[in-house]
Amino acid sequence: MEIIILPDPNAVARTAADIIQARLEKGRTVLGLATGSTPLGTYEELIRRHCDAGLSFADAEAFTLDEYLGLPPDHPESYRSVIRREFTDNVDLRDTAVHSIDGQAKDPEAEATRFDTAIQAAGGVDIQILGIGTDGHIGFNEPMSSLASRTRIKTLTKQTRLDNARFFPSLDDVPYHVLTQGLGTIREARHLLLIGLGQAKARAVAAAAEGPVTAACPASALQLHPHATVLIDTPAASQL
Ligand code: GLP
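- The name given to the protein chain in an unreviewed UniProt entry is Glucosamine-6-phosphate deaminase, with the source organism recorded as Arthrobacter ramosus.
- The record in UniProt for the protein chain states the following under Pathway (unreviewed entry): "Amino-sugar metabolism; N-acetylneuraminate degradation; D-fructose 6-phosphate from N-acetylneuraminate: step 5/5."

If you want it as structure tokens, here you go:
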């Protein structure tokens, strides 16, 4: 695991964008896109490079990491909507090349299998962008998720619902269940790029990078990956 500590979120965003740009310039690229506030600076930087410097995503495909169960796809907080609004609608990624999980699928288990199969059919993910939850979750793989898990239904912990309540009118509006790529699914990406910003993530980052590999800290699964990069700012590095 490569750990890169940078002075501030802007430097982290630029470095993440450099890594993604270098991959895009090699040719067809399958991106794995995370939601949450952490990657927003990286998406802004990529949009800026698209608008100002012609960085093209025309040959790219993208897969989202997870989705709230029960939210309509056009709900403003569905991850399908968020990733389009914050990133893919602002670059030249074709709409049909952005794959998300249907949180309203009649058969969520079949939807989970369909999504895993679609990732494989696309040739797998080249770069998977990841944030990290305060409890060490990645995607919505909460603590005690199997390190071999596939895309499936999960129940959110109270902490994650509290953390994500800021995006909803009230805590009661935060869904209890989600569909998420599993840790086994995520680990099949060829390059994992985990971004951590701020003091609130310091404990989770330290557990992921320096603690034991354990389902108690899902992000510790990155230690098993041959090409994992952890990009953090100084406050997020404070417990290393
Ligand atoms: C959610 C998402 C994760 C994200 C996490 C952290 O739980 N499912 O993919 O990493 O939030 O969010 P933030 O970056 O806003 O701290």
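## A look at the overall build of the protein chain
- Across its full length, the protein chain carries seven helices and 10 strands.
- The globule rule puts the C-alpha radius of gyration for 240 residues at 18 Å, and the 16 Å found for the protein chain is close to it.
- Across its three principal directions, the C-alpha atoms of the protein chain cover 40 × 40 × 35 Å.
- Relative to its full complement of 240 residues, the protein chain shows a buried share of 45%.
- Residue pairs at least 24 apart in sequence account for 80% of intrachain contacts in the protein chain once pairs closer than 6 positions are excluded.

## Considering the site of the ligand
- The immediate surroundings of the ligand are formed by 14 residues, with Ala34, Gly36, Ser37, Thr38 and Gly131 found nearest.
- Tallied by class, the residues present in the shell around the ligand amount to four nonpolar, nine polar and one charged.

## Digging into the nonpolar core
- Leu33, Leu193, Leu194, Ala208 and Ala219 are the most contacted members of the largest nonpolar core, which totals 63 residues.
- Looking at this core element by element, the count peaks at six residues for helix H1 (residues 9-24).
- Setting aside residues no more than four positions away along its own chain, Ala208 makes contact with Ile132, Gly136, Cys217, Ala219, Ser220 and Leu222.

## Details of the environment of Leu55
- Mapping Leu55 onto the fold places it in the loop between helix H2 (40-53) and strand E3 (60-64).
- When the 19 C-beta atoms within 10 Å are taken as the criterion, Leu55 is described as partly exposed.
- Sequence-wise, Leu55 and Gln21 are 34 residues apart; in three dimensions their C-alpha atoms are separated by 7.5 Å.
- Once residues within four sequence positions are removed from consideration, Leu55 is found in contact with Gln21, Leu24, Leu46, Arg49 and His50.

## Looking at the UniProt feature "active site" (unreviewed entry) in the protein chain
- In this structure's numbering, the residues bearing the UniProt feature "active site" (unreviewed entry) are Asp66, Asp135, His137 and Glu142.
- Excluding residues within four positions of it along the chain, Asp135 makes contact with Glu142, Pro143, Thr157, Gln159, Thr160 and Ala204.
- Tracing the sequence through the fold places His137 in the loop between strand E6 (127-130) and strand E7 (152-155).
- Residue class for His137 comes out buried when judged on the 26 C-beta atoms lying within 10 Å of it.

## A closer look at the sheet that holds strand E2 (residues 29-33)
- Spatially, the seven strands line up as an open sheet ordered E1-E10-E9-E6-E2-E3-E5, and their pairing is parallel. Pairing within the sheet leaves two strands with one partner each, and these edge strands are strand E1 (2-6) and strand E5 (98-99).
- Strand direction decides the pairing type here: E1 and strand E10 (residues 228-233), joined by five bridges, are parallel. Across the sheet, residue Ile5 finds its bridge partner in E10, namely Ile232.
- Relative to the sheet, H1 contacts E1, E2, E3, E6, strand E9 (191-196) and E10, its axis offset from that of E10 by approximately 155°.
- Contacting E2, E3 and E5, helix H3 (residues 79-86) runs over the sheet at an angle of about 140° to E3.

## A few points about the environment of Leu69
- Mapping Leu69 onto the fold places it in the loop between strand E4 (66-68) and H3.
- In sequence terms Leu69 and Pro39 are 30 residues apart; their C-alpha atoms lie 22 Å from each other.
- The residues touching Leu69, leaving out its near neighbours within four places in the chain, are Gly103, Pro108, Ile153, Pro175, His177, Val178 and Leu179.

## As for the packing of H1 against H2
- Packing of H1 against H2 brings their axes to within 8 Å, and their N-to-C directions diverge by 55°. Taken together, the axes of H1 and H2 are oblique relative to one another. By crossing handedness, the relation of H1 to H2 is classed as right-handed. Residues Pro9, Asn10, Val12, Ala13, Arg14, Ala16, Ala17, Ile20 and Gln21 of H1 lie in contact with H2, whose contacting residues are Gly41, Thr42, Glu44, Glu45, Leu46 and Arg49.
- Taken together, the residues that form the contact of H1 with H2 break down as seven nonpolar, four polar and four charged.

## A few points about helix H7 (residues 202-210)
- Those residues of H7 that sit buried are Ala204, Val205, Ala207, Ala208 and Ala209.
- Where the residues of H7 are buried, they touch E1, E9 and E10.

Here is what the cut-offs are and how they apply
- Along each chain, residue indices are assigned from 1 in the same order as the chain's sequence is written.
- Local features are withheld for residues below a pLDDT of 70 in this predicted model, meaning they are given only at 70 or higher, and side-chain atom pairs are given and counted only at 80 or more; totals for whole chains, interfaces and linings count all residues.
- UniProt positions are given in the numbering used here, feature names are shortened, and annotations may be inferred rather than shown by experiment.
- Only DSSP runs of H or I reaching four residues or more are called helices, and only runs of E reaching two or more are called strands; each is numbered from the N terminus.
- Two things to know: the radius of gyration comes from C-alpha atoms, and the globule rule equals 2.2 Å times the number of residues to the power 0.38.
- Exposure classes come from backbone-placed C-beta atoms, where a residue is buried if 20 or more other C-beta atoms lie within 10 Å of its own, exposed if 12 or fewer do, and partly exposed in between.
- By definition, residues are in contact whenever their C-beta atoms, placed on the basis of the backbone, come within 7 Å of each other.
- Working rule for contacts: place C-beta from the backbone, and if it is within 6 Å of a molecule or strand, that residue counts as near it.
- Think of it as three bins: nonpolar holds Ala, Val, Leu, Ile, Met, Phe, Trp, Tyr, Cys and Pro, charged holds Asp, Glu, Lys and Arg, and polar takes everything else, Gly as well.
- To define a nonpolar core, we join buried Ala, Val, Leu, Ile, Met, Phe, Trp, Tyr and Cys residues through C-beta atoms within 7 Å and take the resulting set.
- For two strands to be treated as a pair, DSSP must find at least two bridges joining them.
- For helices, the fitted axis covers only the stretch in contact; all axes are lines through C-alpha atoms, and the angles between them, taken along N-to-C directions, range from 0 to 180 degrees.
- Angles are sorted into four bins: roughly parallel if under 35 degrees, roughly antiparallel if over 145, roughly perpendicular if 65 to 115, and oblique for all others.
- Note on convention: near helix rotated counterclockwise from far helix by under a right angle means a left-handed crossing. Clockwise means right-handed.

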